[in-house]
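Inside the fold
As a plain string of letters, each chain reads:
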Amino acid sequence: MKNVQMGEMTVKDLQEYLKDNRTIIFPYGVVEQHRYHLPLDTDIRNAKIMGEKIARELGCIVAPPLNYCFSGGMLEGTINVKPNTFSNMVGEIIESLALQGFENIIIIPGHGGSESLFHLKESLRVLKWLNPALKDTMILMAALWDFSETWTSLFKSRDYHGAEAETSLIKHWTPEVVREEVVLDEDEIAEMLRNDPDSYQKRTSFTKLGHEIPHTTQRESVKVGIMGYPNKSCAETGKKITGEILDGIVPVLKDAIATADKCRESGERIELTNDEKLKIMSL
């Protein structure tokens, strides 16, 4: 395909496309603090650039990205959208795409915030539960880092936000937007963030009861918020991660699409087992 961008297509172009192809990639990111060396749209770039690369390999199109979700960070430049608002928006976009005839919708998260990821996955499960029209729609959430050994190994070495992996990717894709000066929090704070990426949050409550909903803010001591080692980043690592993602994700998605197509024809489905019994006891 010469053009994989849905946003650059016309109605006629899309009508012709849907005659032979029912697959679309839907990327999302967030406008979020990425410290002093990376731009606020880093996570949008993660989703948009990789979404286009994956679309070219699959021979499908990529929808315009959704640029807003929940970060939790409170430094200037971050635009937070509540997880339920974000999830509802994604759900309505998916319903609209399905109504047009798309059957395979592949979500590419550019932002790794757990609140958004967990809320979205459960929200979409309930959406399919309550909307029978989505029975034959396959919705996949394909986290990019799952398909890169280098990226996952960096996670295990305490490299998370705005650090080696993300900085390396942006240096590889769009080096012109990366600032040279890398600023870290004070040593004690930087180490705290590496040990626990959620430690930027300060949670307080009136009681010690697990039933109480705590009040959450960003710790005042967190001034920069890098979670990892951005000084180790380089374009070569970004190129390696990009290649690993494509080598890993493309065959998995091709197989998933082919399997879903066969299941739609045969009517067969795989029944999933319930491994989480008495979930009410974990609240």
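Structure's up top.
Report on the accompanying structure. Quick caveat, the model's predicted, so the values are computed rather than measured.

1. So, the packing of helix 2 (residues 42-58) against helix 6 (residues 164-173)
To characterise two packed helices, one gives the angle between the axes of the helices and the distance between these axes. Where helix 2 contacts helix 6, the two axes come as close as 11 Å, and the packing angle between them is 60 degrees. Classified by the angle their axes make, helix 2 and helix 6 are oblique. Taken as a pair, helix 2 and helix 6 cross one another with a handedness that is left-handed. Residues Thr42, Asp43, Arg45, Asn46, Ile49, Met50 and Lys53 of helix 2 touch helix 6, and the partners they reach there are Glu166, Ile170 and Trp173. Broken down by class, the residue content of the contact of helix 2 with helix 6 amounts to four nonpolar, two polar and four charged.

2. A few points about the sheet that holds strand 2 (residues 61-62)
An order of 2-1-3-4 is seen for the four strands of this open sheet, with the pairing classed as parallel. Every other strand in the sheet has two partners, leaving strand 2 and strand 4 (138-141) as the edge strands with one partner each. Inspection of the sheet shows strand 3 (residues 104-109) paired to strand 4 by four bridges, in the parallel sense. Its bridge partner lying in strand 4, Ile107 is registered against Met141.

3. With respect to the packing of aromatic side chains
Aromatic ring pairs: the centre-centre distance and the angle between the two ring planes describe each pair. Counting across every chain of the model gives six aromatic pairs. A centroid spacing of 6.3 Å and a plane angle of 40 degrees characterise the contact between Tyr17 and Phe102, whose relative ring orientation is tilted. Pair noted here: Tyr17 is in helix 1 (residues 11-20) and Phe102 is in the loop between helix 3 (83-100) and strand 3, with a separation of 85 residues, a long-range link. Exposure remark for Phe102: the relative accessible area of 1% places this residue in the buried category.

4. Observations concerning unusual backbone geometry
A positive phi is found at Arg35, a non-glycine position, where the angle reads about 65 degrees. Examined against the element boundaries, Arg35 turns out to sit in the loop between strand 1 (23-28) and helix 2. The phi dihedral of Arg158 is positive, around 70 degrees, even though this residue is not glycine. You can see Arg158 is positioned in the loop between helix 5 (149-156) and helix 6.

5. Observations concerning helix 5
The complete set of buried residues in helix 5 reads Thr150, Trp151 and Leu154. The buried residues of helix 5 occupy one face: seen down the axis, they fall within an arc of 100 degrees. Set apart from the buried face of helix 5 by more than 90 degrees, the exposed residues are Glu149 and Lys156. The elements touched by buried residues of helix 5 are helix 6 and helix 8 (235-266). At the exit of helix 5 stands Arg158, carrying a positive phi of roughly 70 degrees.

The rules behind each value
- Residues numbered from 1 in each chain as written.
- Predicted model: local features only at pLDDT ≥ 70, side-chain atom pairs only at ≥ 80, totals over all residues.
- Heavy atoms only, no water.
- Axes fitted to C-alpha atoms, helices over the stretch in contact; angles between N-to-C directions.
- Helix = DSSP H or I, 4+ residues; strand = E, 2+ residues; numbered from the N terminus.
- Parallel < 35°, antiparallel > 145°, perpendicular 65-115°, else oblique.
- Left-handed = near helix turned anticlockwise from the far one by under 90°.
- Contact = heavy atoms within 4.5 Å.
- Nonpolar A, V, L, I, M, F, W, Y, C, P; charged D, E, K, R; others polar.
- Pairing = 2+ DSSP bridges.
- Phe/Tyr/Trp six-rings, centres within 6.5 Å; stacked < 30°, edge-to-face > 60°.
- Buried < 20%, exposed > 50% of the residue type's maximum accessible area, 1.4 Å probe, protein only.
- Arc of directions from axis to C-beta.

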